[in-house]
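The lines below spell out each chain.
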Amino acid sequence: MNEIIKFIKKTPKAELHVHIEGTLEPELMFRLAKRNNIKIPFENINDVKSAYNFSNLESFLNIFYQGSNVLIKEQDFFDLTWAYTLKCKEDNVVHTEIFFDPQTHINRGIHFEVVINGIYKALVKANKEFGLTSKIIMCFLRHLDEKSAFEILDQALVHKTKIVAVGLDSSEAGHPPRKFERVFKKAMEKGFLTVAHAGEEGPPEYIWEALNLLKVKRIDHGVQCLQNKKLVQKLLDDQIPLTICPLSNIKLCVFKKLKDHNLKKLLNNGLMVMVNSDDPAYFGGYINKNLIECQAALNLSKEDIKKLIINSFKSSFLKEDKKKEWIEKI
Ligand code: ADE
Ligand code: ZN
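Below is a summary of the structure that appears in this document. (Residues numbered from 1 in each chain as written. Chains lettered and ligands numbered in written order. Predicted model: local features only at pLDDT ≥ 70, side-chain atom pairs only at ≥ 80, totals over all residues. Heavy atoms only, no water.)

1. Digging into the overall build of the protein
The line we're drawing: Note on conventions: DSSP H or I runs of at least 4 residues are helices, E runs of at least 2 residues are strands, and numbering of each starts at the N terminus. We compute the radius of gyration over the C-alpha atoms and compare it with the globule rule, which gives 2.2 Å times the number of residues raised to the power 0.38. Relative accessible area decides the class of each residue, using a 1.4 Å probe on protein chains only: under 20% of the type maximum gives buried, over 50% gives exposed, and in between gives partly exposed. Whether two residues touch is decided by their heavy atoms; if any such pair falls within 4.5 Å, the residues are in contact.
If you tally the helices and strands in the protein, you get 17 helices and eight strands. At 19 Å, the protein has a C-alpha radius of gyration in line with the 20 Å of a compact globule built from 330 residues. Counting across all 330 residues of the protein, residues that qualify as buried make up 57%. Restricting to contacts in the protein with at least 6 residues of sequence separation, those with at least 24 account for 76%.

Structure follows, in structure tokens:
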């Protein structure tokens, strides 16, 4: 095996951008559909895989939300999360910060505590069994209204000890961050950290709004920032992390080919970027595959890979001493 691939595989990494519902592999989807007697619009696993051809974010989200329909009981959320933690172990991901979308489930009649407890218990087990550390981030669905976001925030307060931050995801076009300024203000007053998807497909203005109005600590994606010099300077000055998801960007046609991805440019500009998997069951790969394919397509050096991995810890919500401990091991 080539030396740089070995380095990618064996080095401890942090993942900062993964939707737990996006780790639902087709095999588990079928198993849960059967267990819960839920109809899914696929005959077999090949059928599922051939449906995973997306033209943009919206076309993916339609399939993604359908897939989530098989998640009903606490055990289902546990099994989903446990399966993801085993992928972390396989890829040497030692710390992960995962998103979940409670509104997707509440709107189907699934209770908040069913969702959060299933996820949380699997993460606790993974910590006990192989030392994986984790944080949970609750995302607001931006295609829904402010009222719905306030309601879900109230429910999250009951589980405050299990959730470190709030985020913003789903369809970006036509749903600017400013729509959630008041919700984020309340979330911060209650002690949550904040992140937001911005500049995945949407314009640089959405990144400005996430920074200035939502006061986020990290931008999820942010790949559209290079269109605006002043914005790049701001991201650079404040070393705002951008959680980049290369295979996701290709699958959702943000870039045509991995060779066209701006990851290397962002890195060379001195921006605080790292590599993540987003919705790995839908986009064809977890962290190592993202790193290995980027390395080949963009001719990343071992130093580039090292920088990306160090950035993953620097940008995490781990305590400073824990960050230092991991970075020293790299
Ligand atoms: N939800 C799951 N994956 C997403 C993505 N890539 N962008 C926005 N919302 C999402
Ligand atoms: Zn995402």
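2. Let's talk about the pairing of strand β5 (residues 193–198)
Keep this limit in mind: Here the rule is simple: two strands pair whenever DSSP picks up at least two bridges between them. Whether a crossover is right-handed depends on one test, that the path from the first strand over the helix to the second runs clockwise when the strands point away from the viewer.
Counting buried residues in β5 gives five out of six residues, a clear majority hidden from the surface. Here strand β4 (residues 165–169) runs beside β5; their pairing, made up of two bridges, is parallel. Residue A165 lies in a different strand from β5, and its bridge partner there is L193. On the question of chirality, the crossover connecting β4 to the parallel β5 by way of helix α9 (residues 181–189) is right-handed.

3. Thoughts on the pattern of salt bridges
This is how the line gets drawn: Salt bridges are counted wherever a side-chain nitrogen of Lys or Arg sits within 4 Å of a carboxyl oxygen of Asp or Glu.
Applying the stated criterion across every chain, the model contains 16 salt bridges. Linking R35 and D76 is a salt bridge whose minimum nitrogen-to-oxygen distance equals 2.7 Å. Placement of the pair is R35 in helix α2 (residues 26–36) and D76 in helix α5 (residues 74–91), with a sequence separation of 41 residues. With a relative accessible area of 39%, R35 lands in the partly exposed category. What makes D76 buried here is its relative accessible area of 1%. It is possible to trace a salt-bridge network through shared partners that takes in R35, D76 and D79.

4. A short note on the pairing of strand β6 (residues 218–221)
Sheet analysis places β5 next to β6, joined by four bridges and oriented parallel. Following the sheet pairing, A198 is matched in β6 by H221. At this point the chain moves from β5, through helix α10 (residues 204–212), to the parallel β6, and the crossover so formed is right-handed. In this structure, β6 lies alongside strand β7 (residues 242–244), joined through two bridges in parallel fashion. Counted as the bridge partner of D220 is T243 from β7. As a crossover connection, the stretch from β6 through helix α11 (residues 229–237) into β7 is right-handed.

5. Let's talk about the site of ligand 1
Worth spelling out the cut-off: It suffices for a single heavy atom of a residue to lie within 4 Å of a molecule or strand for the residue to be listed as near it. Polar contact is the term for a pair of N or O atoms within 3.5 Å; when the atoms are in protein, one must be able to donate a hydrogen and the other to accept it, and sequence-neighboring residues count only if both atoms are side-chain atoms. Each accessible area is a Shrake-Rupley estimate made with a 1.4 Å probe; only the visible protein chains count as cover when residues are assessed. When residues are grouped by polarity, Ala, Val, Leu, Ile, Met, Phe, Trp, Tyr, Cys and Pro land in nonpolar, Asp, Glu, Lys and Arg in charged, and all others, Gly among them, in polar.
In the vicinity of ligand 1, the contacting residues are H19, L57, F60, L61, F64, D169, S170, H197, E200, H221, D278 and D279. Within the contact set of ligand 1, a nitrogen atom lies 3.4 Å away from a side-chain nitrogen or oxygen of H19. Contacts to ligand 1 include S170, whose backbone N or O atom sits 2.8 Å from a nitrogen atom. Here ligand 1, which alone exposes 260 Å², has 100% of that area covered by the protein. The element contributing the most residues to the shell around ligand 1 is helix α4 (residues 57–67), with four residues. Among the residues making up the shell around ligand 1, the classes are represented as four nonpolar, four polar and four charged.

6. Side note on the coordination of the zinc ion (ligand 2)
We count it as follows: Here the coordinating atoms are restricted to nitrogen, oxygen and sulfur within 2.8 Å of the metal centre, or 3.2 Å for Na, K and Ca, and because water is not among them the sites may look incomplete. When four donors show all angles between 85 and 135 degrees the site is tetrahedral, when four or six donors have opposite pairs over 155 degrees and all other angles between 65 and 115 it is square planar or octahedral respectively, and in every other case it is irregular.
Distances from the zinc ion (ligand 2) to its protein donors, H17 (NE2), H19 (NE2), H197 (NE2) and D278 (OD), fall at 2.0 to 2.2 Å. Coordination at the zinc ion (ligand 2) is irregular, judged from the four donor atoms that bind it and the angles of 82 to 173° they form at the metal. Taken in sequence order, the residues that donate to the zinc ion (ligand 2) follow the motif H-x1-H-x177-H-x80-D. One end of the pair, H19, is in strand β1 (residues 13–19); the other, H197, is in strand β5, and 178 residues separate them in sequence. Residue classification places H19 among the buried residues on the basis of a relative accessible area of 5%.

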